[in-house]
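Chains, contacts and geometry: an overview
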Amino acid sequence: MLVVEDDDAINRSLVGSLSDAGYEVRGLPDGRGLEAELDRFRPDLVVLDWMLPGRDGPALSRVIRARTAAAVIMVTARDEVEDRVRGFDAGVDDYVVKPFATSELLARTRAVLRRAGVTVGTVQVDDLLVDAGAARVTRGDAEVDLTATELRLLVFLAENRDRVMSTLQILTQVWGYDDYADNLVQVHISALRRKTEAHGPRLIHTARGLGYVLRAPR
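Thresholds applied
Residues numbered from 1 in each chain as written. Predicted model: local features only at pLDDT ≥ 70, side-chain atom pairs only at ≥ 80, totals over all residues. Heavy atoms only, no water. Pairing = 2+ DSSP bridges. Helix = DSSP H or I, 4+ residues; strand = E, 2+ residues; numbered from the N terminus. Core = buried A, V, L, I, M, F, W, Y, C linked by side-chain atoms within 4.5 Å. Buried < 20%, exposed > 50% of the residue type's maximum accessible area, 1.4 Å probe, protein only. Contact = heavy atoms within 4.5 Å. Axes fitted to C-alpha atoms, helices over the stretch in contact; angles between N-to-C directions. Parallel < 35°, antiparallel > 145°, perpendicular 65-115°, else oblique. Nonpolar A, V, L, I, M, F, W, Y, C, P; charged D, E, K, R; others polar. Right-handed = clockwise from strand over helix to strand, strands pointing away. Salt bridge = Lys/Arg side-chain N within 4 Å of Asp/Glu carboxyl O. Lys, Arg positive; Asp, Glu negative; His and termini not counted. Polar contact = N/O pair within 3.5 Å; in protein donor to acceptor, adjacent residues only side chain to side chain.

**Notes on the sheet that holds strand 6 (residues 122–125)**
Strand order in the open sheet made by the 4 strands is 6-7-8-9, with antiparallel pairing throughout. Lying at the two open borders of the sheet, with one neighbouring strand each, are strand 6 and strand 9 (142–143). Of the pairings in the sheet, the one linking strand 6 to strand 7 (residues 128–131) comprises 4 bridges and is antiparallel in character. Looking at strand 7, one finds that valine 123 is bridged to valine 130.

**Some words on the nonpolar core**
The biggest cluster of nonpolar side chains holds 27 residues, and the ones touching the most others in it are Val137, Leu154, Leu157, Ile170 and Leu214. Among the elements of the structure, strand 6, strand 7, helix 6 (148–159), helix 7 (167–175), helix 8 (184–196) and strand 11 (211–214) are those that each provide at least two residues to this core. Looking at which element gives the most residues to this core, the answer is helix 6, with 7 residues. If near-sequence neighbours (up to four positions away) are discounted, leucine 154 is found in contact with Leu128, Val130, Val137, Leu146, Leu192, Ile204 and Leu214.

**Regarding the packing of helix 7 against helix 8**
The contact between helix 7 and helix 8 brings their axes to 10 Å, and the two run at 80°. The orientation of helix 7 with respect to helix 8, classified from their angle, is roughly perpendicular. Residues Thr167, Ile170, Leu171 and Trp175 of helix 7 lie in contact with helix 8, whose contacting residues are Leu184, Val185 and His188. Here the residues of the contact of helix 7 with helix 8 are counted per class, giving 5 nonpolar, 2 polar and no charged.

**Remarks on the pairing of strand 3 (residues 45–49)**
With 5 of its 5 residues buried, strand 3 lies for the most part within the structure. Burial along strand 3 is two-sided: Leu45, Val47 and Asp49 and Val46 and Leu48, pointing in opposite directions, are all buried. Bridge analysis of strand 1 (residues 2–4) against strand 3 gives 3 bridges, and the strand direction is parallel. For valine 3, the partnering residue across the bridge sits in strand 3 and is valine 47. Relative to strand 4 (residues 71–76), strand 3 runs parallel, the two sharing 5 bridges. From the neighbouring strand, leucine 48 faces strand 4, where its bridge partner is methionine 74. Regarding the hand of the β-α-β motif, the stretch spanning strand 3, helix 3 (residues 57–67) and strand 4 is right-handed.

**Notes on the pattern of salt bridges**
For the coordinates displayed, the defined rule picks out 18 salt bridges. Between arginine 42 and aspartate 39 there is a salt bridge whose closest N-O contact spans 3.9 Å. By relative accessible area, which is 40% here, aspartate 39 ends up partly exposed. Residue aspartate 93 pairs with arginine 65 through a salt bridge whose shortest N-O separation is 2.5 Å. Taken together, the residues span a long stretch of sequence, with aspartate 93 in the loop between helix 4 (81–89) and strand 5 (94–97) and arginine 65 in helix 3 at a distance of 28 residues. Its relative accessible area of 32% is what places arginine 65 among the partly exposed residues. Overlapping salt bridges bring together Glu5, Asp49 and Lys98 as one network.

**A closer look at the side chain of arginine 193**
Structurally, arginine 193 can be placed in helix 8. Buried arginine 193, no salt bridge; nearest opposite-charge side chain is glutamate 197, N-O distance 4.6 Å. Within the structure, arginine 193 has its side chain in polar contact with the side chain of threonine 206 (distance 2.7 Å). Setting aside its immediate chain neighbours within four residues, arginine 193 contacts Arg202, Ile204, His205, Thr206 and Tyr212.

In structure tokens form, the structure reads like this:
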């Protein structure tokens, strides 16, 4: 994922929030070097400010469309119909109007990536197989029946296997907001453990004071 934003504080905030949600993110201050970065990094999505020095957001969106299959979310204070039409005509997939909440940007990011068909493939951890595209989880020869929220949580942990994910990262990515909800993550982790451990040893571990990690038994 690529963030193009000339305000340094906003750029760092966007990169940090998207990184905390589990995405690999790079930031650019403007459109200089965009073509090289697109060729080198090949992002699935570009979060693009409208008002940039040099080439503006719509002009850069056309560049992105011409060189990649990346989706584009435009971040702008301009919310007139004419501005939106100009952006859509330039290939923009969605808008976030300033000021905005982090949860809205993350929700729109997930929706745009879903529409673009960007999904995690099949991930295997020990004998646990997580197929996000088919919404199917197996442990050995056994099917593991999960709710939609449990599946999203397990997919997120599987995408980040062997990495400790904090409660904030999980809330932001799985539930789409960063306000802490007492025991929400813990309750769903407990449910996942109960269902997956019915067919084998523990795979979802607690890193005390840090978060949770999905990894094979040592």
